[in-house]
Amino acid sequence: MNRTLFIVTVVTLLLLVSSIKSVDAERINIIQDDVSEASAAVVSSSSSIDYETRNNTGTTDSSSSSSSSSSSSSSRSSSSSNTQSNSINDDGLITEPTTQPPLPTPSIIPTFIPTTPPNPPCQACFPGTYHNNNTEVANCSLCDDGYCSYASACTSCPAGSFASENASTTCETCHPGFISKQEGQAQCDPCPQGTTSDDTHTICVNCPAGTASYQQGDECLPCLPGYYSGVRAEFCNQCEPGTYNEFLGQSQCTDCGVGKYNPMMGQKAATACKSCPSGKYCPEQATQQPIDCPSGHYCPPESAAPLPCHSLFQSSTNSSRCSPDKWFYFIVVGVAMVILITSVAIWRYNRYKKQKKMDIAKEVERLIPKPMDGPEYGGF
């Protein structure tokens, strides 16, 4: 209990001390402000007294040297009767004194001599402004659109550049696709489609082949793979069927070649070209669709042209080979029959000769008798 009471007492004392300090600080600030005002009033009164004293002294000197001292003393006494000074009481407040204090001696009174303040130093105009020294205007003026500032004047932006705002400090170069033909332009003009600005941004030039500008004020952009363009193109064209393009910025597409075809547009690789199938031919460099092989001809794969069938052979449309016709079979049968007949005739002729030879031998044997066997004949 005693400990709690002690803590409460200490806290109360601390709060009381802090409130007293804050009140004293405010009172001290008020006293300091009053003292400053009183000091200013004393300095002003002293200046006026010194001015009057000097006037009285000059008048007395022109009359006589003997009366100079008495005039000065009387002037000081009269000035002392008119001068009032303020005093500060114990509460820090300024009060009017009941009696006038004696005047200070001129030797210790500060002299106030009004002087003309010097001219401020010349300052450079801010960026984006200028000042013409030939005029009486004291302020710096803002530059108009299309001009940028130097120290004494605004200079027009050269052709190929612009300044879009007042008080511009520099001129900006026109963006790609824009030009300014004359000086002092506040904005650049866009180039039409199919053209862009040159390096000086003063004229528009045609987009080269393989590039295009799609709208006004565009740069010339290269065509993508699968596309191509000519000179001053407003857009890139897709590669036609039968062609392809693998690279950027091409002025033409590559043909697939004879014996191949491509039915699609905008192809980007050579693999898009397909071999002409059997029974069809692809005669052009950029064949879009294969052509049917006509009758009487045959077309193997990748044919550039149909090949005619040989004699005694025939073919129908879309044939990859020729087959024998009826006359071929007639000739074959006829030849076979001729060979067969000839063979039979030769066989029969040989048989006839052999038979006749045998008949002659028999006839000779019949006409010439065979010798008899005996002692006198030993035989042949």
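(A) Just the side chain of Thr195, in detail. Position of Thr195 among the secondary structure elements: in strand β11 (residues 195–197). Once you skip the residues sitting within four places of it in the chain, Thr195 turns out to touch Cys204, Val205, Asn206, Cys207, Ser213, Asp218, Cys220 and Arg232.

(B) Structural context of the state of the cysteines. For the coordinates displayed, the defined rule picks out 10 disulfides. Sulfur-sulfur distance for the disulfide between Cys191 and Cys204 comes to 2.0 Å. Linking Cys191 and Cys204, the disulfide has an S-S dihedral of approximately -90 degrees and is accordingly described as left-handed. On the criterion of sequence distance, the pair formed by Cys191 in the loop between β10 (189–190) and β11 and Cys204 in strand β12 (residues 204–206) is long-range, its members being 13 residues apart. The buried category is assigned to Cys191, whose relative accessible area is 0%. Cys204 gets classed as partly exposed once you look at its relative accessible area, which sits at 30%. In this model, Cys276 is linked to Cys282 through a disulfide, with the two sulfur atoms separated by 2.0 Å. Negative torsions about the S-S bond denote left-handed disulfides, and the value of about 85 degrees found for Cys276 with Cys282 makes this one right-handed. Of the two residues, Cys276 and Cys282, both sit in the buried class.

(C) A look at unusual backbone geometry. Its identity is not glycine, yet Glu302 carries a phi of approximately 60 degrees, on the positive side. Summarising the element assignment, Glu302 is placed in the loop between β23 (297–298) and β24 (307–308). The backbone phi angle of Leu312 is positive, close to 65 degrees, even though this residue is not glycine.

(D) Region of interest: the packing of aromatic side chains. Tallied over the full model, the rule gives three aromatic pairs. Ring geometry for Trp327 against Phe330: centres 5.4 Å apart, planes inclined by 80 degrees, an arrangement best described as edge-to-face. On the criterion of helical spacing, the pair formed by Trp327 and Phe330 is a turn pair, its members being three residues apart in helix α3 (residues 326–367). Neither Trp327 nor Phe330 differs from the other in exposure class; each is exposed. Of the aromatic side chains, those joined through ring pairs into one cluster are Phe313, Phe328 and Tyr329.

About the cut-offs
- Residues numbered from 1 in each chain as written.
- Predicted model: local features only at pLDDT ≥ 70, side-chain atom pairs only at ≥ 80, totals over all residues.
- Heavy atoms only, no water.
- Helix = DSSP H or I, 4+ residues; strand = E, 2+ residues; numbered from the N terminus.
- Contact = heavy atoms within 4.5 Å.
- Disulfide = S-S within 2.5 Å.
- Buried < 20%, exposed > 50% of the residue type's maximum accessible area, 1.4 Å probe, protein only.
- Phe/Tyr/Trp six-rings, centres within 6.5 Å; stacked < 30°, edge-to-face > 60°.

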